[in-house]
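Listed here are the chains, written in short residue letters.
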Amino acid sequence: MTKHVTRIDASFAALKKEKRPALVTFITAGDPDPETSAEVLAELVKAGADIIELGMPFSDPMADGPAIQASSQRALKAGQTMVKTLQMVRDFRAHDNTTPIVLMGYYNPIYVYGNERFIKDAKAAGVDGLIVVDVPPEADDELCLPALAAGLNFIRLATPTTDKARLPAVLKNTSGFVYYVSITGITGAAAPVVNDVHSQVKAIKAETPLPVVVGFGVRSGDQARAISKGADGVVVGSAIVSTIEKSLGPKGAATDRTVKGVVELVRELRAALSAD
Amino acid sequence: MATKSKKTAEAALNSYATGPDDRGFFGIFGGRFVAETLMPLILELERAYEAAKADPEFQRELDFLNLHYAGRPSPLYHAERMTAELGGAKIYFKREELNHTGSHKINNCLGQILLARRMGKKRIIAETGAGQHGVAVATVCAKYGMECEVYMGATDVERQAPNVARMMLLGAKLNPVTSGAGTLKDAMNEALRDWVTNVRDTYYLIGTAAGPHPYPAMVRDFQAIIGHETRKQMMEAEGRLPDTIVACIGGGSNAIGIFHPFLDDPGVAIYGVEAGGHGIDVENGHAASMTGGSPGVLHGNRTYLLQDGDGQILEGHSISAGLDYPGVGPEHSWLKTIGRVTYVPATDKEALDALQFCTRLEGIIPALESSHALALVKKLAPTLAKDNLLVVNISGRGDKDLATVAKHLGMKI
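As a starting point, this report considers the structure included with it. (Residues numbered from 1 in each chain as written. Chains lettered and ligands numbered in written order. Predicted model: local features only at pLDDT ≥ 70, side-chain atom pairs only at ≥ 80, totals over all residues. Heavy atoms only, no water.)

**Digging into the nonpolar core**
Formed by 91 residues in total, the largest nonpolar core has its most connected members in Y179(A), L115(B), I124(B), W195(B), Y203(B) and Y204(B). The leading source of residues in this core is helix 2 (residues 39-53) of chain B, at 8 residues. Aside from chain neighbours lying at most four places away, what touches Y179(A) is E53(A), M104(A), I131(A), I155(A), R156(A), L157(A), A158(A), V213(A), G215(A), F216(A) and V235(A). Among the nonpolar cores identified, the runner-up in size contains 68 residues, and L44(A), L86(A), L248(A) and L273(A) belong to it. (Core = buried A, V, L, I, M, F, W, Y, C linked by side-chain atoms within 4.5 Å. Buried < 20%, exposed > 50% of the residue type's maximum accessible area, 1.4 Å probe, protein only. Helix = DSSP H or I, 4+ residues; strand = E, 2+ residues; numbered from the N terminus. Contact = heavy atoms within 4.5 Å.)

**Structural notes on the pattern of salt bridges**
A side chain with one charge can pair with a side chain of the opposite charge if their charged atoms come near. Residues and elements named next belong to chain B. Counted under the stated rule, the structure contains 44 salt bridges over all chains. With a closest N to O distance of 2.6 Å, R95 and E97 form a salt bridge. Taking the relative accessible area as the measure of exposure, R95 reaches 13% and is therefore buried. Between K185 and E315 there is a salt bridge, with its nearest N and O atoms 3.6 Å apart. Of this pair, K185 sits in helix 9 (residues 184-197) while E315 sits in the loop between strand 12 (300-305) and helix 14 (330-338); the two residues are 130 residues apart in sequence, bridging distant segments of the chain. In this structure E315 comes out as partly exposed when scored by relative accessible area, which is 23%. Where salt bridges share partners, they join E50, K53, R220, D221 and E331 into one cluster. (Salt bridge = Lys/Arg side-chain N within 4 Å of Asp/Glu carboxyl O.)

**Structural notes on the sheet that holds strand 7 (residues 173-177) of chain B**
Residue and element names in this part refer to chain B. A sheet is described by the order of its strands in space; here 4 strands give the open sequence 7-6-5-8, paired in parallel fashion. Of all the strands in the sheet, just strand 7 and strand 8 (202-204) have a single pairing partner and so form its edges. When strand polarity is set aside, the average angle formed by the axes of neighbouring strands in this sheet is 25°. Across 6 bridges, the pairing between strand 5 (residues 123-128) and strand 6 (residues 147-153) is parallel. Residue T128 lies in a different strand from strand 6, and its bridge partner there is M152. Relative to the sheet, helix 5 (residues 105-118) contacts strand 5 and strand 8, its axis offset from that of strand 8 by approximately 155°. (Pairing = 2+ DSSP bridges. Axes fitted to C-alpha atoms, helices over the stretch in contact; angles between N-to-C directions.)

**Considering the side chain of Q233(B)**
All names here are of chain B. Within the fold, Q233 resides in helix 11 (residues 225-238). A relative accessible area of 15% means that Q233 is categorised as buried. Of note is the side chain of Q233, whose polar atom sits 2.8 Å from the backbone oxygen of S74. Leave out the neighbours within four places in its chain, and Q233 touches P73, S74, P75, L76 and K94. (Polar contact = N/O pair within 3.5 Å; in protein donor to acceptor, adjacent residues only side chain to side chain.)

**Looking at the side chain of T37(B)**
Within the fold, T37(B) resides in the loop between strand 2 (29-33) and helix 2. Leaving out residues up to four positions away in the same chain, T37(B) has contacts with T159(A), T161(A), T184(A), V196(B) and V199(B).

**Concerning the packing of aromatic side chains**
Counted under the stated rule, the structure contains 16 aromatic pairs over all chains. Ring plane angle 65° and centroid distance 5.6 Å describe the contact between Y107(A) and Y111(A), whose orientation is recorded as edge-to-face. Taken together, the residues span about one helical turn, with Y107(A) and Y111(A) both in helix 5 (residues 107-113) at a distance of 4 residues. On the basis of relative accessibility, which here comes to 21%, the residue Y111(A) falls in the partly exposed class. When the ring centre of Y69(B) is taken as reference, the NZ or CZ atom of K143(B) above it lies at 5.2 Å. Cation over ring: K143(B) sits above Y144(B), and NZ or CZ is 5.0 Å from the ring centre. (Phe/Tyr/Trp six-rings, centres within 6.5 Å; stacked < 30°, edge-to-face > 60°. Lys NZ or Arg CZ within 6 Å of the ring centre and 35° of its normal.)

**Observations concerning helix 14 of chain B**
Of the residues making up helix 14 of chain B, those classed as buried are P330(B), E331(B), H332(B), S333(B), W334(B) and L335(B). Once helix 14 of chain B finishes, G339(B) follows within two positions and takes phi at roughly 85°, a positive value.

**Some remarks on the environment of L323(B)**
With respect to the helices, strands and loops of the structure, L323(B) is situated in the loop between strand 12 and helix 14. Taking the C-alpha atoms as reference, L323(B) lies 6.7 Å from I249(B); in sequence the two are 74 residues apart.

**Topic: the sheet that holds strand 14 (residues 389-393) of chain B**
Residue and element names in this part refer to chain B. Taking strand neighbours across the sheet as the criterion, the 6 strands line up as 3-4-14-9-10-13 in an open arrangement whose pairing is mixed. Here the strands that pair on one side only, and so sit at the sheet edges, are strand 3 (76-78) and strand 13 (342-347). Strand-to-strand twist across the sheet, computed as the mean angle between neighbouring axes with direction ignored, equals 30°. Relative to strand 14, strand 9 (residues 244-249) runs parallel, the two being bridged by 3 bridges. The partner of V246 across the bridge, within strand 14, is V392. Its contacts with the sheet place helix 11 against strand 3, strand 4 (90-94) and strand 14, and it is angled at close to 140° to strand 4.

**What about the interface of chain A and chain B?**
Across the contact, 36 residues belong to chain A and 37 residues belong to chain B. In this assembly, chain A packs against chain B so that about 2900 Å² is buried in total across both faces, 51% of it on carbon and sulfur atoms. Remark: the boundary between chain A and chain B carries 4 salt bridges. Between D60(A) and K185(B) there is a salt bridge; the shortest N-O distance is 2.7 Å. (Buried area = accessible area lost by both parts, 1.4 Å probe.)

**Observations regarding the environment of V201(A)**
Residues and elements named next belong to chain A. Inspection of the secondary structure assignment puts V201 in helix 9 (residues 194-205). Taking the C-alpha atoms as reference points, V201 and A10, separated by 191 residues in sequence, lie 22 Å from one another. Those residues in contact with V201 that lie beyond four places of it in its chain are Y180, V212, V214, G230 and A231.

**Some words on unusual backbone geometry**
P32(A) follows D31(A) through a cis peptide bond whose omega is 0°. Looking at the element boundaries, P32(A) is found in the loop between strand 1 (22-28) and helix 2 (34-47). Residues other than glycine seldom take positive phi values, yet H299(B) does so here, at roughly 50°. Of note, H299(B) is situated in the loop between strand 11 (294-298) and strand 12. Looking at H299(B), the relative accessible area reads 2%, which means it is buried.

**Quick notes on the packing of helix 10 (residues 221-228) of chain A against helix 12 (residues 256-274) of chain A**
Residue and element names in this part refer to chain A. Their axes nearest at 8 Å, the elements helix 10 and helix 12 cross at an angle of 40°. Classed by the angle they form, the pair helix 10 and helix 12 counts as oblique. Crossing handedness for the pair helix 10 and helix 12: right-handed. Contacts between helix 10 and helix 12 involve G221, D222, A224, R225 and S228 from the first element and E268, L269, A272 and L273 from the second. Per-class residue counts for the contact of helix 10 with helix 12 are 4 nonpolar, 2 polar and 3 charged. (Parallel < 35°, antiparallel > 145°, perpendicular 65-115°, else oblique. Left-handed = near helix turned anticlockwise from the far one by under 90°. Nonpolar A, V, L, I, M, F, W, Y, C, P; charged D, E, K, R; others polar.)

Spelled out as C-alpha cells, the structure:
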C-alpha cells in the first residue's frame, strides 16, 4: 500500500521536535447548533488544540457516557447530518490547512451514507483520519482498507482488554496514531489509574512506531499532564462537551459563555501539557 | 466430511441451515460490530460456546433442566374450534406459553446461564422489553444464586408492572433507562455500556437472536428445541411434517427457534409476522424492521433497521412491548433477502382482535406478541386447504398484557 503522509503524521513530527505531547480535543459536530459548533472548532485551535476529533452524531452512541450522548442528541435536534458535518470540515479547511481533523463516530451513519461515497467525500472535504468505534479489525475489508487506500488514516482503539495476543491484530492496519482507551468503560467515566496507563502505553509502544495517545476520563490539566507522561498525547472529550452543556441557556441555546468556556478549558489543558 | 456420500455433501452446500460463516455472517447480515473493549470477550464467548456445544455433559445438563425445570416438551395442541371457525388449514398451537416463566425465553436463558457458569462469570446483566426475558433471566439467576441486573426502558417499566414485580421478587436489580424513548433499544444501549465497563466479571445474557456473533447463532440453537419438538410431535400426530409455520418477530428468537429445523424442507411454507403498529405507512408508528426498514449496523450486527436517511435509528412502536425494537435478528434479514421466509406485518388492532378471537375459541390467552402471529393465521388459514397442517407458535402467555388489553377494550380492572 502506498504510504501517504497526512496532516496527522506532519503534526506528530512537529510535536516531537517541540518535545511536547499532543492535545487532542473532541467535540460533536453541530453541538449545540451548526454555527456555534463551527465557531468552537475554530477557537479550539487558537486555544491550543493540536488535533481535532470531530464527532459524527449518532442516535445510539453505545460506547459513550451521558455527556457525549447528550451532545449527540443536541446536535441531531439542531438538524445535524453527515452532509453538514462534511461541510463543516470543508469550511474549516478554507482557513486552516494544517490542523488535523479526525472524524469519530459509529458505523451506521457511514454505512447508510455509503462507505465508498463517504471515504471520497471525507477526503475531498479535508478529513485526515477516521475513528469508527464499532468496526473492529475483523471487519477491516469493509471500511479500514478502502480508507487507507484513499489516503485517510484509520485510527484504532486499543483497550485494557486488548491483550498481548490480540494487540498485533489491532495494530496491523492502524495508521496516524493509536488511541489507547485508558479504562474499561464508556467515555467520561471513572478517572484512569495513571500507573496502569503508563505500563499499557509502554507495552503498545514496544509493538509499534506509531504515536500513542490516551483518552477516556481525562478531565483536568493536572490529570492530562500526569497521563501524558510516556505517551504522545491525550484526548479530552467529555469535559469539553460538558462545558458546552453547562453554558447553554434556556431551551438549550448557546450563550456567550459557550465558546468562552471551551476556550478557557482548552487553554488550561494546553498550559498544563506545555509546562515542563 | 469424508465419510458422507457425495449426495449428502452437495445437499449440505445447498442448505439454509448451515450459517453463519466463521465471521458470524449470514450473507451480508450479522457479523461482530462492537467496540474493541468487548472484542476479546466476544471471541472468548465464541470459544466457550463451541466447547460447550461439543461437550455431551453440557447438553445432558441442559436436557435435564428443560425436562424438569422448564417443563418441556411443550405440547403441540390441535386448535379444533379455531380450525372449524376459520374453515381452512388444520391449526396446531406450539404451546411455548406453558413453559416455566410463561414464554419461550426460558429456553435461551437456561442455555446461556449454564455457559456463563462454565465461563466462571459471577454477574449477569440483561436487557428486557416486555419483561419476559428479564423475568426468565432473573429466574435462572435465582436458581443458581448469581447476581443479576436488568436494564429496562422507563416507559416499559410503567406498562409492564407485573413483570417488574416478578423480577424484583426474584432478587434482580432493575435499572430503569430514561435515555431515548425509554424502550428496548435504549435498554440494550445501557446494557452494552454496563458490559463494556464491567467486562471482566460480567456475562451479558442477550434475550433475542441478535447482537454480535456468536449471540444470533447461539440463541437460535437454544431456541431450536421449539422446532425440533414440533417436527417430532407433528410426525406423531399426523405422520408427516407441517405445511405451514407462523411465528411473530420482534428480535425474532421464538421465530428462528421454530423455523430453523424446517428451513431445508422445501414443502414447509414459513411466515414471520412483524409488528405493524398503527400501520406501515405511519412514520415512527410501527416496529416492522424488515417490511418498513433498510439494512444498517446497530448493537453489534448488520441487519434490517428502522432508520432515517441519515442512518439515525428511529423509535419503533407496537402495542406489544416485546416487539417494540427497531432491529431484527440478522438471520431473519438473510432469510428475507433470499426469500426462504415470507415476512408480513400485523397491526396493533389486528393483534388485539386475534388475542380475543383465540381466547374465546380456545380458552388460551396468548401474549400480545404471539397474537401478531395469530392475526396472520386468521387471514391465511381460510385460504388454505383443509389438509394443510399449520403450526403457529404461541410464544408467550397474555397475563402480563391484561392491563394493556383492558385499556384498549375499555374494560375496568
